[in-house]
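These are the residues of each chain, in order.
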Amino acid sequence: MSSYLRMGSLRWSSNSKPTSRAKPLPPKVSNDPIPPSAQPDSWETVNPDSLSPVSADDNDPDFVSLQESSTDGGQDRPYLLQPSQQENAPPRTANLRGTHQNVSVDPQLNQGRAHYPPAERGKAALSPERGTTLRKEQLDVQQDALSRLQEENDQLKVIIRSHVKQIEDTERQRQVDVERLRTDKEHSERTAREEIERTKATLQQQARQTDAVIAERDRLRKDRDGVVASLSAENERLKTTAAKQAEEKRGALDELNRIRAQAHSDLQKARKNLDIRTSELQISLADNDLLLQENKDLRVKAALAVDLQRHLDSIERDLKAARDESSALRKEYAQMTALLDDRTSELKGAQSFLTTADTFSGTEVLNTLQKLNAEVLQNTAFMSESMIETFMSGKANPKTEEQTASAKRASGIVGRAMVHFLSTKKHKDDPILVQIAFQAYFSYVLQWIARAWIIGGDENQNRFIDGIYERVRDTEAQAIFGRWRALTRANIPQVAQLDELQLASLLTAKIFSGLADILLVAGCNASQSELVAALSAKFNEKVSFLVSLSMRINKIIGEDVTSGDLEILTVPPAATFDSSAMEDVYNEGTPGRPGVGTKVLCTTDLGLRKRVRVAVTGDKEKHWAITTLLKPKVALESVVDIMED
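So, here's what we can say about the structure. Computed from a prediction, not measured in an experiment: that's the story for all the values here.

## Some points on helix H12 (residues 528–560)
Between its first and last C-alpha, H12 extends only 39 Å over 33 residues, short of the 48 Å set by a 1.5 Å rise per residue. Along H12, the sharpest change in direction is near 80° and occurs at Phe-539.

This is the structure we're talking about:
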């Protein structure tokens, strides 16, 4: 393992001390063979090319650096081993850098002769000069070898230092890399943990969202099943009604066709009789011509004058009768033609009354009404919040005469309980009660617009036409009174011949006046005119849209649907709550139900009901099929307690 050459030390015998330091002679190579007795037990051949630049083994007791040297008796004699080790060191032979000279080293040159065999001992005694020369040559060879070894040792030290420096640089770089890898690992682990936490949070959120979506899907499925069941039942009822109406229509058409065929047959017979009478008249005219000719002949013939005169009188009588009959036939033909025209016009009128096809379906009307309810909810929330924030001071002010008058007007529309709550509760922080009052007012006004015969007209006129329509509906079939309603609605004159935009503007102004009454009752610090001006400036377009939408509903249910009567539903204030006919708008999704006898505060959303005349079996007997398409939504009086809580 060591890169240093281990060599046996040379020890000089005490009997061979030099007397002077002579210049060392150049090495001589002797070709004389070394006696076998002078050779050590073993030779060690060292190949310098096999030395590797590896650091010295500090644990090897035989290792001595080549730089360490000592002098013996003033002469430069390097010792490689300690004196205690020199005695036991065996003689070695070195093959240095290609030198193949065998050098025998006898550590005990003078004392060792006793160990030689007798024959060899004699030879050594006979040539002392030769032994001295041999020792000098050996010393020179050793010094030369030591010099070369010291040079190689220096080179090896340089190589070792460079390798050690490279190893240290490599070690430092390795430590830097290890530290950087450790830092990267910690950063990666921290990033991975954060990513895992985020992934966990995302998965949990997605799981919650999935649960919510599943619950919503189940609810929608239940709603869908309920709607499908109700629509299926409604479809079956409509099919039955349509079949009965079709049967009635076919019967009426058959009767009209029979009457028409009978009239046509009578007309054909009259035409045939007229043709016969005309041909007879023509024949009579021809005969008359012949008679006139004969009369001329008779005038010539005096003898036949009397007979011809009688015959002429009779012909004249026949001619007069034929003329009278022809006039009667012409009159009868004119009467038949007039009767046919009357029957044709009656048939056309009956066909128009028997037409039961609706321009709009019940679903389209329902969607329009739901859109109206949604717009009312959204606009009233914004209007109440804006107006309360602007005109409500939060301080209790004494009630004025204007507020008292507004309370009387409002109580007739939104109810006494609503007026009481508006005047006694505080609305500055939470205007929800004002919003509910706005919804109640809009429900009343828009329901009135949707049901009116004359929109914006006198209520007495509307009630009068309603009475007439009730009598027509009680006595006639569905197709007839439905068509009567459509024609009446289409042709009845409106208020002062106003167009739709002017009528909508007039109704919008009335609505603003009613909303101002509600705001005054709630305690707003402004006059009615100021409140109306503020409402008109901010919400004129929105309220006009609501009025136009309710007018469109009026036209649809009054003119475009004749297969049944569509009725807009509201619930009067202070009515008893009935879950089968209405819905509590503030109790959706809660397990509890309103108690028995709970009073309705007001209507917030309009409902829709369809009434169809199914059959008429007698003059006074009738049967109606009534279907609630949309329940009206109401706010109960208990909602005020919930708001306070």
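Still more ground to cover, so stick around.
## Quick look at the sheet that holds strand S4 (residues 583–584)
Backbone-to-backbone hydrogen bonds join strands into a sheet, with any given pair of strands oriented parallel or antiparallel. Strand order in this open sheet of 3 strands is S4-S8-S5, and the pairing throughout is mixed. Of all the strands in the sheet, the pair left with one neighbour each is S4 and strand S5 (600–605). When S5 meets strand S8 (residues 633–636), the two strands line up antiparallel, connected through 4 bridges. Within the sheet, the bridge partner assigned to Val-600 lies in S8 and is Leu-636.

## Looking at the pattern of salt bridges
All told, the structure shown has 23 salt bridges when counted by the stated rule. Between Asp-218 and Arg-217 there is a salt bridge, with its nearest N and O atoms 3.6 Å apart. In this structure Arg-217 comes out as partly exposed when scored by relative accessible area, which is 38%. Of the charged contacts, one joins Arg-219 and Asp-223 as a salt bridge, the two residues approaching to 3.0 Å between their closest N and O atoms. Here the residue Arg-219 and the residue Asp-223 both occupy positions in helix H3 (residues 128–300), the gap between them amounting to 4 residues, near one helical turn. We classify Asp-223 as partly exposed; its relative accessible area is 36%. Residues joined in a network through salt bridges with shared partners are Glu-470, Arg-473, Arg-485 and Asp-565.

## Some thoughts on the packing of aromatic side chains
All told, the structure shown has 4 aromatic pairs when counted by the stated rule. Note on Phe-382 and Phe-539: the rings are 5.7 Å apart at their centroids and 85° apart in plane angle, and the pair reads as edge-to-face. Taken together, the positions of Phe-382 in helix H5 (residues 362–391) and Phe-539 in helix H12 put the pair 157 residues apart, joining distant regions of the chain. Judged by its relative accessible area of 1%, Phe-539 falls in the buried class. Ring geometry for Trp-453 versus Tyr-469: centroids 5.5 Å apart, planes at 65°, classification edge-to-face. Of this pair, Trp-453 sits in the loop between helix H8 (432–451) and helix H9 (459–475) while Tyr-469 is found in helix H9, placing the two residues 16 residues apart along the sequence.

## Focus on H9
The end-to-end C-alpha separation of H9 is 25 Å, in line with the 24 Å expected for 17 residues at 1.5 Å each. Among all positions in H9, only Asn-462, Ile-465, Tyr-469, Val-472 and Arg-473 are buried. Down the axis of H9, the buried set is contained in an arc of 95°. They therefore lie on one face. Facing away from the buried side of H9 by over 90 degrees, the exposed positions are Phe-464, Arg-471 and Thr-475.

## Quick word on the nonpolar core
Membership of the largest hydrophobic core comes to 68 residues, with the highest contact counts inside it found for Leu-372, Met-418, Leu-422, Phe-442, Leu-515, Leu-519 and Leu-531. For Met-418, the contacting residues outside a window of four places in its chain are Leu-433, Ile-436, Ala-437, Leu-601 and Cys-602.

## Section: the environment of Trp-484
Following the sequence through the fold, Trp-484 ends up in helix H10 (residues 478–491). For the pair Trp-484 and Tyr-469, spaced 15 residues apart in sequence, the C-alpha to C-alpha distance is 8.4 Å.

Here is what the cut-offs are and how they apply
- Residues numbered from 1 in each chain as written.
- Predicted model: local features only at pLDDT ≥ 70, side-chain atom pairs only at ≥ 80, totals over all residues.
- Heavy atoms only, no water.
- Helix = DSSP H or I, 4+ residues; strand = E, 2+ residues; numbered from the N terminus.
- Expected span 1.5 Å × (residues − 1).
- Bend = angle between axes of the 7 residues up to and from the residue.
- Pairing = 2+ DSSP bridges.
- Salt bridge = Lys/Arg side-chain N within 4 Å of Asp/Glu carboxyl O.
- Buried < 20%, exposed > 50% of the residue type's maximum accessible area, 1.4 Å probe, protein only.
- Phe/Tyr/Trp six-rings, centres within 6.5 Å; stacked < 30°, edge-to-face > 60°.
- Arc of directions from axis to C-beta.
- Core = buried A, V, L, I, M, F, W, Y, C linked by side-chain atoms within 4.5 Å.
- Contact = heavy atoms within 4.5 Å.

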